[in-house]
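One letter stands for each residue in the lines below.
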Amino acid sequence: MIRANNTLFGLILLTMCAIPLALADHSLEDKKIIQWGWGTPDPKFMRDNIEQMEQMPFDGLIFHIFNAQGKNLSWELWGHQRFEIEGFQQALTDLQSTKFHRFTELFLRVNVTPGDVDWFDDAAWAVVLNNFGVAAQIAKMGGIKGFMFDTEHYKSLLFSYSQASTKNVKSFDEYQVKARQRGREWIQEINRWFPDITLLLTYGYQIAQPGALQFSKEKMQYGLLADFLDGVFDACSDNTTIIDAWEPAYNYKQPEQFKKAYDTIKVKSLEWTNSPEKYRQHIRAGFGIMMDYNSHKIPWDVNDLSKNYFSPTEFENSVRVALHASDQYVWIYTQQPRWWTNQKLPKDYIEALIKARIEK
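To keep things clear, this report deals only with the structure shown in the data block. None of the values given here were measured: they were computed from a predicted structure. (Residues numbered from 1 in each chain as written. Predicted model: local features only at pLDDT ≥ 70, side-chain atom pairs only at ≥ 80, totals over all residues. Heavy atoms only, no water.)

**With respect to the packing of aromatic side chains**
Given two aromatic rings, their pairing is described by the distance between the two centres and the angle made by the two planes. For clarity, the threshold we go by: When the centres of two rings from Phe, Tyr and Trp lie within 6.5 Å, Trp using its six-membered ring, the rings pair. Their planes under 30 degrees apart give stacked, over 60 give edge-to-face, and anything left gives tilted. Helix and strand assignments follow DSSP, with helices taken as H or I runs no shorter than four residues and strands as E runs no shorter than two, numbered in order from the N terminus. Exposed residues in this analysis have more than 50% of their type's maximum accessible area, buried residues have under 20%, and partly exposed residues fall in between, with area computed by a 1.4 Å probe over protein chains only.
In this structure the tally under the stated criterion is 38 aromatic pairs. Pairing Phe149 with Phe228 gives two aromatic rings, centres 6.3 Å apart and planes at 55 degrees, and the pair type is tilted. Taken together, the residues span a long stretch of sequence, with Phe149 in strand E4 (residues 146-150) and Phe228 in helix H8 (residues 225-235) at a distance of 79 residues. Look at Phe228 and you get buried, because its relative accessible area is 0%. Plain terms: the ring middles of Trp331 and Tyr333 are 6.5 Å apart, the flat faces sit at 90 degrees to each other, and that makes the pair edge-to-face. Of the two residues examined, Trp331 and Tyr333, each falls in the buried class.

**Side note on the pairing of strand E2 (residues 60-63)**
To be explicit about the condition: In short, DSSP must find at least two bridges between two strands for them to pair. Clockwise travel from the first strand over the helix to the second, with the strands pointing away from the viewer, marks a crossover as right-handed.
Neither face of E2 is open: one carries Gly60 and Ile62, the other Leu61 and Phe63, and all of them are buried. Pairing between strand E1 (residues 32-37) and E2: two bridges, direction parallel. In the sheet register, Ile34 faces E2, and the bridge partner there is Gly60. Once the chain exits E1 it traverses helix H3 (residues 43-53) before rejoining the sheet at E2, and the crossover so formed is right-handed.

**A short note on the packing of helix H6 (residues 122-141) against helix H7 (residues 172-193)**
Put simply, the rule is: Angles run from 0 to 180 degrees between N-to-C directions of axes, and those axes are lines fitted to C-alpha atoms, restricted for helices to the stretch in contact. Handedness of a crossing follows from how the near helix is turned relative to the far one, being left-handed for an anticlockwise turn of less than a right angle and right-handed for a clockwise one. Should any heavy atoms of two residues lie within 4.5 Å, those residues are considered in contact. Amino acids outside the nonpolar list (Ala, Val, Leu, Ile, Met, Phe, Trp, Tyr, Cys, Pro) and the charged list (Asp, Glu, Lys, Arg) are all regarded as polar, and Gly is one of them.
At a closest axis distance of 8 Å, the pairing of H6 and H7 adopts a crossing angle of 35 degrees. In this structure, H6 meets H7 at a crossing whose hand is right-handed. Along its contact with H6, which presents Asp122, Trp125, Leu129, Phe132, Gly133, Ala136, Gln137 and Lys140, the element H7 presents Arg182, Glu185, Trp186, Glu189, Ile190 and Trp193. By residue class, the composition of the contact of H6 with H7 is seven nonpolar, two polar and five charged.

**Focus on the environment of Phe228**
Sequence-wise, Phe228 and Lys178 are 50 residues apart; in three dimensions their C-alpha atoms are separated by 8.4 Å. Setting aside anything within four residues of it in sequence, one finds Phe228 in contact with Trp78, Trp119, Trp125, Phe149, Phe159, Ala179, Arg180, Arg182, Gly183 and Trp186.

**Things to note about unusual backbone geometry**
Cis geometry is found at the peptide bond from Thr113 to Pro114, where omega equals -5 degrees. Looking at the element boundaries, Pro114 is found in the loop between strand E3 (105-111) and H6. For Lys344, which is not glycine, the phi torsion reads 50 degrees and is therefore positive.

Have a look at this one:
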């Protein structure tokens, strides 16, 4: 359970009453701020603590889910272990029973882990599709918006041709065709259960492009991601929304950075996709900001806040600019500060997040 700091939460409530979240400025009133980071909650935690959680200035959050055997679905989806919906009945009951009021924007985290499935392995791919079908059923029955689809490699290099198990007998071109096919199959299975799903992508087409050193896609870690996404756009339902949530914005402080990223998502990426019409129809732009950016190198300071990468004022300004630049969503990522257990969370940052919705 959350150990509530009554003084802190009283301050939050007073501040939120003084600064309404539904603002007069039309350009911000429909924008949403969601939370993600270390200390990710599961449905049981949310059910037990939702009243206190909703005192924080978010519109929703990203969560993970465990089955009856304690397996974290988010980290095991893209592998050889097959999951069944029956194993998540308690978690689904907890999710359905939680009395959400302010938190209307909830997303289940889904990763590309363990990622040890070759694109040409039909039997293994059937397991992956089954697992994402289970996740889609949980999301739909749980009444949430959709998935935070984390395309980052944490284990196997799924989108890297150089790591493909049959690269010695199949060309990169063949892998591109197969990855696109799998993208179509993947979204079709998800849409079978959840036709109006919203997908947030941590990384989209930009990470799959050759950089300044002009590496070919064949040699890049994420060289096949664009092909997979092409398949997703090819086959997604008319009511599917896909948001490039742009994790590279973690450290952005300048309006020009957000503008360039927005243009990359909405304009430049049209040159990178082989499904441009569907891309234009379904894509939206969002941004992630890491409040304690670089805290693995520069310790997060809860006393002298000027030592942090984002001071509270800088954090407020970046979130405000991100909200203006985004089509709808801005997500706040943290590692050291924990929003739901009030660890290493100076009240100045809570106030900054609230003020970020106010025009200056």
